[in-house]
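Residue-level structural notes
Letter by letter, the chains look like this.
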Amino acid sequence: EDISSAVAAEIDSTLSNPSVLEAISNEIQEESAGSNVAEELSMADVSDSSLGETSITTTGESTEVVTTGVLDTNIDTSSLTAMQEEEVKEVVVVAIENALQSEGVLPKESTVMVTDIGDNGEIGYEISLEASLPAEITILEDISSAVAAEIDSTLSNPSVLEA
């Protein structure tokens, strides 16, 4: 829970920073240049970001933190075809990834996905970060080794075996 809260807070803080929002806006414009949506995105402006739900899933040695949110933009998708809308999603994904990576918030093995683009310019996104926790795993291994050694020592003690 603490990990997911810290990750979400870091992403929220980064995506709330006006210079990062401007960088995402510029990246959207640059990434779309020469594409089928270049005209629609030539004046793209990301004005705000709000965080949604954050969840954490631990399986074996890795932990996945998934956080969702919404970017407020001036992008009008009402006249776009389904194919153009997919292209806009791809451009926005690259822009978010690059902005978060350049701020040191997004590990390389993470994924960013645009889940929805509303006609009102709201873009829903989901960020999945996967991390293995070697420090915590090592601590658990040390504890279990210590417990096993204690059990072994106790069961090897002749006075315990006689009792």
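This section reports on the structure supplied with the text. From a predicted model like this one, the values you see are computed outputs, not experimental measurements.

Observations regarding the overall build of the protein
Along its length, the protein carries 6 helices and 4 strands. Evaluated residue by residue, the protein yields a buried proportion of 33% over its 163 residues. Here the analysis covers contacts within the protein between residues at least 6 apart in sequence; of these, 62% occur between residues at least 24 apart. A total of about 9,300 Å² of accessible surface is found on the protein, and carbon and sulfur atoms cover 50% of it.

A few points about the pairing of strand β1 (residues 46-59)
Along any regular strand, the residues point their side chains to alternate faces of the sheet. Where β1 and strand β2 (residues 62-73) come together, 11 bridges link them in antiparallel fashion. Counted as the bridge partner of Ser-49 is Leu-71 from β2. In this structure, the hairpin formed by β1 and β2 is closed by a connection of 2 residues, where Gly-60 is found at a positive phi of approximately 60°.

Re the nonpolar core
Of all hydrophobic cores here, the largest spans 30 residues; its most connected members are Ile-24, Ile-28, Leu-71, Val-92 and Ile-127. For this core, the elements supplying multiple residues, two or more each, are α1 (2-16), α2 (18-32), α4 (82-102), β3 (111-117) and β4 (122-132). A per-element tally of this core places α4 first, with 8 residues. In this structure, Val-92 is in contact with Ile-28, Leu-71, Val-114 and Ile-123, ignoring residues within four places of it in sequence.

Looking at α4
An ideal rise of 1.5 Å per residue puts 30 Å on 21 residues; α4 measures up with 30 Å between its terminal C-alpha atoms. What α4 keeps buried is the set Gln-84, Glu-87, Val-88, Lys-89, Val-91, Val-92, Val-93, Ala-95, Ile-96, Ala-99 and Leu-100. Phi turns positive one or two residues past the end of α4, at Gly-104, with a value near 75°.

Let's talk about the pattern of salt bridges
Taken as a whole and assessed by the stated rule, the structure comprises 1 salt bridge. Ionic pairing is found between Lys-89 and Glu-86, a salt bridge with its closest N-O pair at 3.5 Å. Of the two residues, Lys-89 and Glu-86 are both situated in helix α4; the distance of 3 residues between them amounts to about one turn of the helix.

What counts and what doesn't
Residues numbered from 1 in each chain as written. Predicted model: local features only at pLDDT ≥ 70, side-chain atom pairs only at ≥ 80, totals over all residues. Heavy atoms only, no water. Helix = DSSP H or I, 4+ residues; strand = E, 2+ residues; numbered from the N terminus. Buried < 20%, exposed > 50% of the residue type's maximum accessible area, 1.4 Å probe, protein only. Contact = heavy atoms within 4.5 Å. Areas by Shrake-Rupley, 256 points an atom, 1.4 Å probe, with all protein chains shown as cover. Pairing = 2+ DSSP bridges. Core = buried A, V, L, I, M, F, W, Y, C linked by side-chain atoms within 4.5 Å. Expected span 1.5 Å × (residues − 1). Salt bridge = Lys/Arg side-chain N within 4 Å of Asp/Glu carboxyl O.

Spatial relationships are all this shows, so hold off on functional conclusions.
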